[in-house]
Amino acid sequence: MLRALCTTAVLLLLCAVHAAASTWIVDVNGTGHYITIGGAVGASAVASGDTLLVRPGTYTGSMNRWIDFAGKELVIRSSDGPASTVIDCEEQGTAFWFHSQELPDATVEGLTIANGRAPYGGAFFIEQESSCTVRDCVIQDCEATSGDGGGINCEDDSHVYVYNTTFKDNRAQSYGGGAMIWGGSAIFQGCHFEGNHGITTGGGLFIFWGADALIDSCTFVRNTAYYYGGGMMINQATAIVEDCTFFANTAGVGGSFRGGGIYCHECSPTIVRNIISHSYYGNGIDCSEAADPQISHCDIFANAHGDSLCGTHWDNLFEDPLYCDPTSEDLSLCEDSPCLPEGNDWGVTMGGIGQGCGPCGTGAANLEASWGLIKALFR
């Protein structure tokens, strides 16, 4: 009996060793285990739980596009960060396609993904009840050529969790220039949305039709939508938008001027401790008649078409937030900002950045009377 137990224990130990996660090196210069990311993901030796460590370089070609995890829970991580590790899709497809019910452990970390072009999701297309995590990435110059989600498209009751990622200069022919979430759930935490464009609505981000989203400690700068929601649109979805900064976003160049910062349609999101200011077109927050956003402890200031609020709102400010240097898009707060705990009656910090300089007074930091400075950001 003892011998049998010992034999079983040895077998279990051997199985555990065999099943231990492996790290595989991907190096475009040929000094690793694989030279393409897609080739490494598809290799029979690479199993769920493994890590693909991607060395610096620019990864191009068909084996670095439409990368399909095929149900594996892998971690794809750069060794040196997004500044030196780039997937260039060369305008011939998306970078990553999740469609095999992957779990959130399927992770992409520390990469720049550029020049993606796909009907839906220029950098990531997540569908069919699949999940993934995106961390410390840069998604730029990607496009949804016929639909939604210039950077990320997540649909079909799928789930995406995005941390400390920059969405810059992406474009969607329909909804969500930076990203679109349709059903399922999403977290965007510590993300930066800059210069994204939704041809119809949701310049930076579009949350749609039954989705459940948390948008926390993010910044939205110079995003544009032709109709509604320059920074973000929430439509028939559940969302919490907290501790974010919206600056110089645009909605309604088509004539509607609705929601330069946020537009809500048939939903009741929680919008708390945000700064929404200086929308180039559109008001700060707007909503349809059927929407009832719960807005509190926000600062709404100097939006081109007004700062009045819709829905249910209480304990909000309408004062200059006093950014340290808005002309260079330094949106950290001056020491005397009303958006810091010492400057308001509620002892809260508003916005996604916090203090970044000493006291500013109301001179150079006040842009209300100087729209030329804001216009210059769009040149």
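To be clear, the structure that these remarks concern was listed above.
Only a predicted model underlies this, so the values are computations on that prediction, with no experimental measurement involved.

A. A nonpolar patch on the surface, seen in detail. There is a patch of nonpolar side chains on the surface, built from Tyr226, Tyr227 and Val253 and spanning about 260 Å² of accessible area. The topology assignment puts Tyr226 in the loop between strand E26 (224-225) and strand E27 (232-235).

B. The state of the cysteines, seen in detail. One pass over the full model with this rule turns up three disulfides. Across the disulfide from Cys287 sits Cys310; the S-S distance is 2.2 Å. Placement of Cys287 in strand E34 (residues 285-287) and of Cys310 in the loop between strand E36 (299-301) and strand E37 (312-314) is noted, with a sequence separation of 23 residues between them. With respect to class, Cys287 is no different from Cys310; both count as buried. In this model, Cys334 is linked to Cys360 through a disulfide, with the two sulfur atoms separated by 2.0 Å.

C. Highlighting the packing of aromatic side chains. What the rule picks out here adds up to 23 aromatic pairs. Look at Phe167 and Phe193: their rings are 4.6 Å apart centre to centre, the planes differ by 0°, and that puts the pair in the stacked class. In this pair, Phe167 sits in strand E17 (residues 166-168) while Phe193 sits in strand E21 (residues 192-194), placing the two residues 26 residues apart along the sequence. Between Tyr175 and Phe206, the aromatic rings sit 4.6 Å apart at their centres with planes inclined by 20°, giving stacked as the arrangement. Within this pair, whereas Tyr175 is found in the loop between strand E18 (171-172) and strand E19 (179-182), its partner Phe206 is found in strand E23 (residues 205-208), the two being separated by 31 residues in sequence. With relative accessibility at 28%, the residue Tyr175 sits in the partly exposed group. Among the residues examined, Phe206 registers a relative accessible area of 1% and is labelled buried. An aromatic cluster of three or more residues is present, and its members are Phe167, Phe188, Phe193, Phe220 and Phe246.

D. Here's a closer look at the sheet that holds E27. What the nine strands build is an open sheet, ordered E4-E7-E11-E15-E19-E23-E27-E31-E34; its pairing is parallel. Each having just a single partner strand, strand E4 (67-68) and E34 make up the two edges of the open sheet. As judged from the three bridges shared by strand E11 (residues 124-126) and strand E15 (residues 152-154), these two strands associate in the parallel manner. Within the sheet, the bridge partner assigned to Phe125 lies in E15 and is Asn153.

E. Spatial organisation of the side chain of Glu194. Counting through the fold element by element, Glu194 comes out in strand E21. A distance of 2.7 Å separates the side chain of Glu194 from the side chain of Arg222, its partner in a polar contact. Setting aside residues no more than four positions away along its own chain, Glu194 makes contact with Phe167, Lys168, Asp169, Val221, Arg222, Asn223 and Glu329.

What counts as what
Residues numbered from 1 in each chain as written. Predicted model: local features only at pLDDT ≥ 70, side-chain atom pairs only at ≥ 80, totals over all residues. Heavy atoms only, no water. Patch = residues over 30% accessible without salt bridge, like charges linked within 9 Å, V, L, I, M, F, W, Y side chains within 5 Å. Areas by Shrake-Rupley, 256 points an atom, 1.4 Å probe, with all protein chains shown as cover. Salt bridge = Lys/Arg side-chain N within 4 Å of Asp/Glu carboxyl O. Helix = DSSP H or I, 4+ residues; strand = E, 2+ residues; numbered from the N terminus. Disulfide = S-S within 2.5 Å. Buried < 20%, exposed > 50% of the residue type's maximum accessible area, 1.4 Å probe, protein only. Phe/Tyr/Trp six-rings, centres within 6.5 Å; stacked < 30°, edge-to-face > 60°. Pairing = 2+ DSSP bridges. Polar contact = N/O pair within 3.5 Å; in protein donor to acceptor, adjacent residues only side chain to side chain. Contact = heavy atoms within 4.5 Å.

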